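Coordinate analysis (summary)
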Amino acid sequence: MARGKPEIDSERCKGCGLCVKACPEAILELADAFNNKGHHYAVCASPERCTACMFCAIICPDTAIEIWRFAKAG
Ligand code: SF4
Ligand code: SF4
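Residues numbered from 1 in each chain as written. Chains lettered and ligands numbered in written order. Predicted model: local features only at pLDDT ≥ 70, side-chain atom pairs only at ≥ 80, totals over all residues.

1. Considering the site of ligand 2
Around ligand 2, the structure places 14 residues, and the nearest of them are Cys13, Cys16, Cys19, Ala42 and Cys60. Partitioned by chemical class, the residues of the shell around ligand 2 number 10 nonpolar, two polar and two charged. (Near = placed C-beta within 6 Å. Nonpolar A, V, L, I, M, F, W, Y, C, P; charged D, E, K, R; others polar.)

Below is the structure:
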């Protein structure tokens, strides 16, 4: 299974929650805090469980998510 890590630009996020619903691992959530535009932004609660499936990045209407995909060792 591939491994990765989402990098979410909290200032681009409008808190729509689409990525939260799209993540098969259910590791994304909206923060209690607000960004500068007054939105609850998405955060990743357990980045070590990210499979780099890209669903969140693809569905985000504001291209606020980038996915790092880790290369396999060896
Ligand atoms: S890449 Fe996939 S597993 Fe990782 S946070 Fe996004 S939707 Fe979830
Ligand atoms: S889909 Fe994009 S804009 Fe919507 S909550 Fe997720 S990161 Fe924010």
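2. What about the environment of Ala45?
Looking at the secondary structure, you find Ala45 in the loop between strand S3 (40–44) and helix H2 (55–59). Take Ala45: there are 11 C-beta atoms within 10 Å of it, and that puts it in the exposed class. Sequence spacing of Ala45 and Ala26 is 19 residues, and the spatial spacing of their C-alpha atoms is 9.0 Å. When neighbours within four sequence positions are excluded, Ala45 is seen to be in contact with Ile27 and Glu29. (Helix = DSSP H or I, 4+ residues; strand = E, 2+ residues; numbered from the N terminus. Buried ≥ 20, exposed ≤ 12 C-beta atoms within 10 Å, placed from the backbone. Contact = placed C-beta atoms within 7 Å.)

3. Examining the nonpolar core
Buried together is how nonpolar side chains tend to be arranged in soluble globular proteins. Counting 13 residues, the largest nonpolar core has Ile8, Cys19, Leu28, Ala42, Cys56 and Ile65 as the members making the most contacts within it. The biggest single contributor to this core is S3, with three residues. (Core = buried A, V, L, I, M, F, W, Y, C linked by C-beta atoms within 7 Å.)

4. Quick look at the site of ligand 1
Around ligand 1, a shell composed of 16 residues is seen, among which Cys23, Cys50, Cys53, Phe55 and Cys56 lie nearest. Those elements that place two or more of their residues in the shell around ligand 1 are strand S1 (3–8) and H2.

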